[in-house]
Every structure is written in C-alpha cells, then in structure tokens.
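Chains, contacts and geometry: an overview
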Amino acid sequence: MKINPTNKPYLNPYQKQMQNQPMKQSNQQSDKVEISNKAKAMQESNTIEKARQDHVQSIKQQVQDGEYDVDLKKTAEKLLEFYHR
C-alpha cells in the first residue's frame, strides 16, 4: 500500500483565497490633526509655563525653609491606590 503525502511544497491551499481578495488601494486618505488658533496661541504664550515654574519655585523655597508639610495620610492613600490597580 502506498501513501501519498499531502504536504507538497508546491501546493498552497490559500492561493485561491489570496487571488480573490481585492488589492488594497494605496491612495487612501491619511489621518490629519488640526490645531485651533486658540491652542496655538496657548502654546506660544508662556503663561502656563511661567505659572508652573512659579509653583515649583515656591515649593522648593518651602522645602528649603523647612515649611513644606507633607500629608502622610494622603500620600499613603495615593500609594495604595497606585499599587492596588
């Protein structure tokens, strides 16, 4: 009795399926992002960055003067919240 192998290297069972699929169109429109004029103005103005720098500077000064008080309970709650996700 002779057994014929079915795994012939020249036989591709998906060839018909690949031929029936339509070719992808290369001229598809890509995604675009538009930034509003208000957002552009906010990026150009340094008011947010200036406010952040002032806040950081005030905290640094409080730490140097020994006046910065850490709420240990709030810190512990945030740590638990972070690690119990």
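Definitions and cut-offs
Residues numbered from 1 in each chain as written. Predicted model: local features only at pLDDT ≥ 70, side-chain atom pairs only at ≥ 80, totals over all residues. Heavy atoms only, no water. Helix = DSSP H or I, 4+ residues; strand = E, 2+ residues; numbered from the N terminus. Buried < 20%, exposed > 50% of the residue type's maximum accessible area, 1.4 Å probe, protein only. Areas by Shrake-Rupley, 256 points an atom, 1.4 Å probe, with all protein chains shown as cover. Patch = residues over 30% accessible without salt bridge, like charges linked within 9 Å, V, L, I, M, F, W, Y side chains within 5 Å. Salt bridge = Lys/Arg side-chain N within 4 Å of Asp/Glu carboxyl O. Phe/Tyr/Trp six-rings, centres within 6.5 Å; stacked < 30°, edge-to-face > 60°. pLDDT = per-residue confidence, 0-100.

With that out of the way, let us pick up the overall build of the protein. When its secondary structure is counted, the protein shows four helices and zero strands. Listing every helix and strand of the protein by position from the N terminus yields α-α-α-α. The buried share among the 85 residues of the protein stands at 0%. When the accessible surface of the protein is totalled, it reaches about 9700 Å², and 52% of it is carbon and sulfur.

To continue, consider a nonpolar patch on the surface. Judged by side-chain polarity, Val 63, Tyr 68, Val 70 and Leu 72 come together as a nonpolar surface patch covering roughly 400 Å² of accessible area. Note on placement: Tyr 68 falls in the loop between α3 (47–65) and α4 (72–83).

A separate point is the pattern of salt bridges. The final tally for this structure, using the stated rule, is one salt bridge. As a salt-bridge pair, Lys 50 and Asp 54 come within 3.5 Å of each other at their nearest N and O atoms. With Lys 50 and Asp 54 both in helix α3 and four residues apart, this pair spans about one turn of that helix.

Moving on to the packing of aromatic side chains. Counted according to the given criterion, the structure contains one aromatic pair. Residues Phe 82 and Tyr 83 carry aromatic rings whose centres are separated by 5.0 Å and whose planes lie at 85° to one another, so their mutual orientation is edge-to-face. By relative accessible area, Phe 82 is classed as partly exposed at 47%. Given a relative accessible area of 64%, Tyr 83 falls into the exposed group.

With that out of the way, let us pick up the confidence of the model for the protein. Here the protein averages 82 in pLDDT, while 78% of its residues score no lower than 70. Looking over the protein, one finds the lowest element-wise mean pLDDT in helix α1 (residues 15–20), namely 73, and the highest in α4, namely 94.

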